[in-house]
Every structure is written in structure tokens, then in C-alpha cells.
Amino acid sequence: MLEIKNLHARIAEDGTEIIRGLDLTVKDGEVAAIMGPNGSGKSTLSYVIAGREDYEVTEGDILWNGESVLEMDPAERAAAGVFLAFQYPMEIPGVATMEFLKTALNAQRKARGEEPLKIPDLMKRVKEAAGSLEMDMAMLKRPLNVGFSGGEKKRAEILQMKLLEPKLCVLDETDSGLDIDALKIVADGVNALRSPERAFLVITHYQRLLDHIVPDTVHVLYKGRIIKSGGPDLALHLEENGYADVIGEAA
Amino acid sequence: MNIQTPPKPTPAEQALIDGYGERFSRLAGNPDVVQARDLAFDRFRQSGLPTRRVEAWHYTDLRRLLSDVPAYNQEAMAEPVGELLEHSAIAIAANGQALQADDNIDGVTWRPLTELLADGSLASSLAPRDADDMIGALNASFVSGGWALDIEAGAEIDVPLEIQNVHGGGQVHTRFPVTVGAGAKAVIVERQTGQGAAFVTSLADVTLDEDATVDWIVLQEQPDTVSYLSSFSATLGRNARLRLFVMNAGGRLVREEVVVAVQGEGADFQLRTVNLLAGEGHTDLTMVLDHTVPSTTSTEVVRNVVTGKAKGVFQGRINVHQVAQKTDARMACNTLLMSDDADFSAKPELEIFADDVACGHGATVAEINHDHLFYLMARGISEKEARRLLVKAFVAEVIEELDDEALVEALEARLDGWFADNG
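For clarity, every value in this text was computed on a predicted model and none was experimentally measured.

Undergrad: Residue-level account of the interface of chain B and chain A, with values.
TA: How big an interface is tends to be expressed through the accessible area that disappears when the partners come together. Contacts between the two partners involve 18 residues from chain B and, on the opposite side, 32 residues from chain A. Across the chain B to chain A interface the summed buried area is about 1900 Å²; carbon plus sulfur atoms make up 69%. Applying the counting rule to chain B against chain A returns 4 salt bridges. Looking at the side of chain B that touches chain A element by element, the count peaks at 7 residues for helix 6 (residues 370-377) of chain B.

Have a look at this one:
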């Protein structure tokens, strides 16, 4: 279970406060959607959960299964089961995608006290996962994300998520840059991972992703706080009426 | 007024002066060689070690940095090392003397350098290049051994030839003159390593006849107790191709000079360097490249990873002579600084006297990209391992270009080893 309590976070470099007293609970098995207008703090929230150094938590706490993650570095959080699917996955020239996948998988296995995967076993898993996302294996021979289209990068994120089998999946605007076919494939990939012991935080600007990944709860983020929570119908309401009236209500 | 009182010799200079007196009678050479040694040593005696006031040595003030020169150590044990590539034919120089060579390869002749000193055939090449060539002057004064390697015209050598220059401390002064006949092909590996405190000067002097093709790999892994001065000079004949790959991963004070004359039309020179600099070492790679005829090409890529309090220097100078039209020469020097105290100076220079050429150079300095680091760590990769991947990514391109799987693996293993110790 993810519990975010009165979270305040700011940009480390200039002290700008972005998250201003955010409370949110996501239970195991729950798919929670975070919606909000641009600049409301959606991406910052995802980075703070994943442990990006550019942000400082000044107040409050993030508990994952009852334990604070604030003192953990990003790698430790990942080993604890946290996964962030990036809005803009980095291109890293010179890092071979397969070597990256192997290193990441085995680092997490090691942290959990498991044996490293043998190469044929790894290849088999990657092939299966890539197949289900309709990804060409030739892509994975390239350096990490280098030369991938926007859609390919998003698929590669979901591929990593499938392989790493995290317990908390944070999807940061996974729908941006996807055409409708790619969106469906990615959504199917996510839906296949839904399970009673896995929680999802689906961050999105638009309703359209939520047609394919149907959330259990919907939360509206505005100026660094959750100003309204509800069921899937809240997303539909936002789609029809925009954010203005919800924001007006809360003000 | 030009009269100057020479400064008082430093301890290192004094040790060299004393050493020359003591060693002289025991150094091999016919009268021509003896005369060449004396002339070379006079150069040193008159000027002393170069300081930062000498432009070529501006970033490596040898007088200040060469703090001591250990005495010769006759008892030192030099351990040969495991070959870099399987099935290599190996020639070993140990503590400055030719020890043994696998001389059963068709088209390949190894001769101990002492033969060339004794018959005087080396005498003419002992003269230093110019006033800045202190490495050449010191080496000519003290050189005691090494191997001369000759590769017959037309010979395609299908095993790697590995020169090992190993020491067990003390002083080592070696030379490796190499001739590669017309149309010959070879892969040559040069190992520079040893144990204990040492002062090493080592020269390779390579001539490629027309259509000769050589891949030359230098792996410098001196311990941090070694001052190492080296020079690699080459002349390229018509359509000759030389690819020089240098990996520096050691040494307290390292100056490596690469001096290449592209003298035959259609010739191509490629330099790739990976400098892995750690601890408190000072490493200087200085290249002077002359394109003296039309239609020749060269590319130099230098990648530096610097950590700890290490300092690095790259000076690269490309001279395109007036007749050398259609020269295509490119030089890039990229540095990754991994600590606050790491330091790198790059001085690329182009001197172009021809008007129809394509030449360029660039230098960059960067730190580890924090966004990349975060991305890798967000997948559970520890910070150290993530940094290793990114450093490897930074230099891998240069290594993987060698497109010889065994060589790439061997060099990447070096890189991993260096990173395990210094990352």
C-alpha cells in the first residue's frame, strides 16, 4: 500500500514549492488515476516517489508498505518494487539495451536475494514481453532508447515494467505521443499486469488513456494538492467540463 | 643579455647526470652510437628537463613533475604478463633487455636491439627530432635494449604480435624500431607495465611502406609508482593505413608523444585513445601529425575519464602542408570528469597551409549526466553500477570500433577492472 501524507516538495535548485500538502492512499490491487491541468505537479509527484534528487521533500512522508522511502535512493526504491514509467524516457547512447535489461533485472534480483538470470532465460523473457507489446527485437539491439520514436520509447517502458514485475507502477503520461493503436497495445500491456498485489498510479492529462486502463479511483491534482477524489465517473466529468468547475469548487 | 646561469640541477636531473657517467661505459654501441648518445645527452645537459616555459611542455612541467629518478636495479625481477589476445607471438623486453621472442612466424623477424647498437645501424636514428624532443634525447642517451621488428613485404601476419616491455623497478630505456614492408598486414600489441618504482623511457619507431596495414594497440598499465615517457613515431607511405589505439590506465607521470608523418598519397591514419585517469596521476598525450602530400586522411578521437585528483592533458596538432590538398583530418577530444578535483586540459591545433581541405577539431568536457544516472537507478541499478555503465558507454564507442571481438572484450575487461578499482 502507498500512503502519501501531507507531502511538501520543492525544486532543490531554486526552492520553488511544487507539492503543497498532498495526501493520497493507493491500496494493493488498486488503479488510481491522477489527473490535473498542466503545472499542477503531476510529473513532480512521480519523480518524488521515484526519488529524483532534483526535488527535496520538506514535510510529510511517503510510506510504501508502511515504510518511509524518503531515505532510500532511486535504486533502493526500485528494489522495493517501485517503478516509474517515464513521460520522456532518456536516450542513453552507448548503453546497449540488452545489457541494461540484464543489469537492471539482476540488480533487483540480487537485492531480493535471488540468483542472477542466465542469458537464455533472460532472452526468453525479453522475447515474450517484446512479442506481447508488438516490439521488434531488432530495436533492442540498439543503444537504450536511441533513435526510438516516441511510441517505441513508451512501449520500451512498459517492456521494462513487465520484466521487472514491480509492485507499485507509476505511469507518467504514458499516453502522450501515442497514436490510438499504440495506446491500445500499451494499455493492454498494463492491464495484463493488473493483479491484487500490484498498485498503479496512472498520471494523465486526458481521459482517453482511462478508456483503456479503467481506474478504480480518480484524483484531481491542482497546485500540488489533491482537490477532489472520486470514481471513474469523475474522469468523464472532467473530460466533458474541463478542470475549471472542480477547481472553482475547491477554491 | 643572453648569459644565464643554469639553474641548479634538480635531484632527478642530478641522478640522470650521475647515471650517465656511471652507465656510459656499460651501454652497448659502436663508436657512431657512442657519439650519438653523447650528442643527445648534451642536449639534456644544456637545457635540463623542460619546464612549462617550453611551449611543447607547457601542461607537463617535467622539471617539476619528475620528482625523482630511481637508480638502476640489477636484481629487479620483471614478470612477463599474460597475452592480451590468444595465440599471440610474443617478444619480451625485461628490465630494458631483450629477453625472448617467438620467432617462428613466417615473414616476421625479431632482432635484439643490442645488435643494432653494436653494428651502429641504429646510430642515425638516435638523434632527437628537435629541441622539444626530450624523451628522444634521454632515451638515446640511455637506451639499453628492446626489439627491432621487421615484417616482410606482402606478409599477412595472421597472429597478433605482442611486444611486452616489462620491468621490476629501477630504470628502463627501450626502443622498438619496426618496419612493415609493402602490402604487409599485421596487428601489433604493445604492453607497458611492471612492478615497483621506476623511470621508463620507451620509443617505438614505425615505418609503413606503401599499402601496408597495421593495427597497433598500446596498453599502458604502469603502477602509480612509475614515471613513464614514451614516443610513438610513424611514417606512412602511399596508401598505407595505420590505426593506433592507446589505452592509458596507470602511471604516476605519463607523457606519451605520438608523431606521425603521412607522407604517401592515399594514406590513412587513425588514432583512438582511451585515457582512464585516477589517483594523483598526471597523464599527457601529445600528438603531432603532418600531412605532407595530397589526398590523405586522418581521424583522432580521444576519450578521457578522469577521477580522484588525476590530471590529464591532450595536445593535438595537425599540420597540413601547402601541397597537401584534399586532406581530410578530424580531431575530437571528449572528457568525462568524475570528481571535483579531476582536471583535464585539451589543446587541439590545426595549422593549415593548403586551401582545399576538410579539417576540423572539437573538445568537450562533461560530468556524468544526472538524468541518465537517475533513469538507470530508477530501474534498480545501484549508483556505482549505473556510473560504470555510463562511463563504459562514454568510451565503448571508441573501443567497439576496433571490430575485433576478442580485442574489444579484452579492452572492456580492462575498463571494468579499472572501474572496479577507481569507480
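Undergrad: Go over the UniProt feature "domain: ABC transporter" (unreviewed entry) in chain A, please, and point to the residues and values.
TA: Under the UniProt annotation, "domain: ABC transporter" (unreviewed entry) lies at residues 2-248 of chain A. Here residues 2-248 of chain A is 38% helix and 29% strand, with 28 Å between the C-alpha atoms at its ends.

Undergrad: Break down the sheet that holds strand 1 (residues 2-11) of chain A for me, citing the residues and quoting the values.
TA: With respect to topology, 4 strands assemble into an open sheet ordered 2-1-4-5 (chain A), the strand pairing being antiparallel. Of all the strands in the sheet, the pair left with one neighbour each is strand 2 (17-26) and strand 5 (67-68) of chain A.

Undergrad: Summarise the side chain of Gln164 of chain B; cite the residues concerned and give the values.
TA: Residues and elements named next belong to chain B. You can see Gln164 is positioned in strand 5 (residues 161-167). A distance of 2.8 Å separates the side chain of Gln164 from the side chain of Glu162, its partner in a polar contact. Non-local contacts of Gln164, meaning those with residues more than four positions away in its chain, are made with Pro80, Val81, Gly82, Glu83, Ile90, Ala91, Ile92, Ala93 and Arg191.

Undergrad: Pulling in residues and values, what's your account of the domain arrangement of chain B?
TA: All names here are of chain B. For chain B, the assigned domains read domain 1 (11-367) and domain 2 (369-423). The gap between the C-alpha centroids of domain 1 and domain 2 is 27 Å. If you sort the residues of domain 1 by the area they bury against domain 2, Arg243, Arg303 and Met338 come out on top, with a joint share of 25%. Counting every contact that joins domain 1 to domain 2 gives 3 salt bridges. The partner of Arg303 in a salt bridge is Glu397, with the nearest N and O atoms 3.2 Å apart. Between domain 1 and domain 2 we count 7 residue pairs in polar contact (both at pLDDT 80 or more) in total. Elements with a minimum of two residues in the side of domain 1 that touches domain 2: strand 9 (213-220), strand 11 (241-248), strand 13 (268-277), strand 15 (297-306) and strand 17 (328-337). Split into classes, the residues belonging to the side of domain 1 that touches domain 2 amount to 15 nonpolar, 5 polar and 6 charged.

Undergrad: An account of the sheet that holds strand 11 of chain B is requested, with residue identities and associated values reported.
TA: Residue and element names in this part refer to chain B. What the 10 strands build is an open sheet, ordered 2-1-5-7-9-11-13-15-17-19; its pairing is mixed. Two strands close off the open sheet at either side, each with one partner strand: strand 2 (97-101) and strand 19 (358-367). Going across the sheet, the axis of each strand differs from the next one's by a mean of 10 degrees, ignoring polarity. Pairing of strand 5 with strand 7 (residues 185-194), which is carried by 7 bridges, proceeds in the parallel orientation. Across the sheet, residue Glu162 finds its bridge partner in strand 7, namely Val189. Against the sheet, helix 7 (residues 383-400) makes contact with strand 11, strand 13, strand 15 and strand 17, and its axis sits at roughly 155 degrees relative to strand 15, the strand it touches most.

Reading guide: rules and limits
Residues numbered from 1 in each chain as written. Chains lettered and ligands numbered in written order. Predicted model: local features only at pLDDT ≥ 70, side-chain atom pairs only at ≥ 80, totals over all residues. Heavy atoms only, no water. Contact = heavy atoms within 4.5 Å. Buried area = accessible area lost by both parts, 1.4 Å probe. Salt bridge = Lys/Arg side-chain N within 4 Å of Asp/Glu carboxyl O. Helix = DSSP H or I, 4+ residues; strand = E, 2+ residues; numbered from the N terminus. UniProt positions renumbered as here; feature names shortened; annotations may be inferred. Pairing = 2+ DSSP bridges. Polar contact = N/O pair within 3.5 Å; in protein donor to acceptor, adjacent residues only side chain to side chain. Domains from an automatic or database assignment. Nonpolar A, V, L, I, M, F, W, Y, C, P; charged D, E, K, R; others polar. Axes fitted to C-alpha atoms, helices over the stretch in contact; angles between N-to-C directions.

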